[in-house]
Amino acid sequence: MIIDKEGHAITNAHVVQGEQKLKATVWIPQTDGTLQRVEIDKVELIAVNNHLDLALLKIPHPEGKEFSFAPVQREEKLDIGQPVFAIGNPLGLERTLTQGVISTTQRSFDGLTYIQTDTPINPGNSGGPLFNAAGQVVGVNAQIYSHSGGYMGLSFAIPADVAANVAEQLKTHGKVQHGRLGIGIQALDQTLAHSFGLADAN
């Protein structure tokens, strides 16, 4: 997904993992309103963040012009039941649009928080945009829960504000600074309670 006029693009880290050479297929708007399919071989991998499963690429415009792009910006508020749309190449079928709704906006696992939808996602959708009805990118499609390897009604997207922040850090610094809270948690027993001047551990 191209995110600025210079041709920076984001995808999932697992899409580019271990690849020695990257290429991209882009669709260039023509003056007659049609789109021209162009394959680009010299795609540069800028940086990868495996923890958040995001990677930043740089795609050169085939005609040396500026790219059209969709701003990655999360809506102020996402609602459960809100329609969303995914664009990708599921199972190699280019430019496929699928539709669903937001199931929840705060689904946490593996230490990360995702937007959960029922939008049909399959291999080939990874790293593609999740749009709202206004055409804003609200997420980056990342993974599914499946026993079969195919879509089973549970799809997950990285929130757009997280993806945009990671992309900016990768572009500027080549890495992402992860915040860390310097505290630990332990059970409060009677001895510890007394050391804090508390009457009991309850």
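Scroll up for the structure.
Read on for an overview of the structure. Per chain, residues are indexed from 1 in the order of the written sequence. Reporting in this predicted model follows two pLDDT cut-offs: at least 70 for local features of residues, and 80 or more for side-chain atom pairs to be given and counted; totals over whole chains, interfaces and linings ignore these cut-offs and use all residues. Derived side-chain values reflect all non-hydrogen atoms in the structure, with water molecules and hydrogen atoms excluded from consideration.

Observations regarding the overall build of the chain
Thought 1: Put simply, DSSP marks the helices as runs of H or I at least four residues long and the strands as runs of E at least two long, and each gets a number from the N terminus on. Helix and strand counts for the chain come out as three helices and eleven strands.
Thought 2: If you list the helices and strands of the chain from N to C, you get β-α-β-β-β-β-β-β-β-β-β-β-α-α.
Thought 3: Dimensions of the chain, computed from C-alpha atoms along their principal axes, come out at roughly 80 × 35 × 35 Å.
Thought 4: A simple rule labels every residue: compare its accessible area, found with a 1.4 Å probe on the protein chains alone, to the largest value its type can have, and call it buried under 20%, exposed over 50%, or partly exposed in between. Counting every position in the chain, which comprises 202 residues, the buried fraction comes to 39%.
Thought 5: Only the protein chains shown count as covering a residue, and every accessible area follows the Shrake-Rupley method with a 1.4 Å probe. Put simply, the chain shows about 11900 Å² of open surface, and 51% of that area lies on carbon and sulfur atoms.
Thought 6: Counted charges follow a simple rule, with Lys and Arg positive, Asp and Glu negative, and His plus the chain ends left uncounted. The atom standing in for a charge is NZ when the residue is Lys, CZ when it is Arg, CG when it is Asp and CD when it is Glu. Taking the average location of the 14 positive side-chain charges in the chain and that of its 20 negative ones, the two points are 6 Å from each other.

A word on the layout of surface pockets
Thought 1: Reported here for the largest pocket is a volume of approximately 1400 Å³.
Thought 2: Lining the largest pocket we find 44 residues, and of these Met1, Ile2, Thr25, Val26 and Asn89 sit closest to its centre.
Thought 3: Looking at the lining of the largest pocket, the elements that each hand over two or more residues are strand E1 (8–11), helix H1 (13–16), strand E2 (24–29), strand E6 (83–88), strand E7 (96–109) and strand E9 (129–132).
Thought 4: At six residues, the largest contribution of residues to the lining of the largest pocket is made by E2.
Thought 5: Taken together, the residues of the lining of the largest pocket sort by class into 23 nonpolar, 14 polar and seven charged. Computed over the protein atoms alone on a 1 Å grid, cavities are sets of points where a 1.4 Å probe fits but cannot get out and pockets are open sets with protein on both sides within 12 Å along at least five of seven lines; a residue lines them when it has an atom within 4 Å of a point. Grid points are joined across faces, edges and corners, and a volume is the space filled by probe spheres set on the points. Under the grouping applied here, Gly and all other residues not named as nonpolar or charged are polar, the nonpolar ones being Ala, Val, Leu, Ile, Met, Phe, Trp, Tyr, Cys and Pro and the charged ones Asp, Glu, Lys and Arg.

As for the side chain of Ser155
Thought 1: Turning to its location among the elements, Ser155 is positioned in strand E11 (residues 155–159).
Thought 2: You can call Ser155 buried: its relative accessible area is 2%.
Thought 3: Polar contact is defined as a pair of N or O atoms within 3.5 Å, subject to the rule that within protein one atom must be able to donate a hydrogen and the other to accept it, and that residues adjacent in sequence are counted only when both atoms are side-chain atoms. Within the structure, Ser155 has its side chain in polar contact with the backbone oxygen of Thr119 (distance 2.6 Å).
Thought 4: When residues no more than four places from it in sequence are discounted, the contact partners of Ser155 are Ile115, Gln116, Thr117, Thr119, Ile121, Gln143 and Ile144. Any two residues whose heavy atoms approach within 4.5 Å are treated as being in contact.

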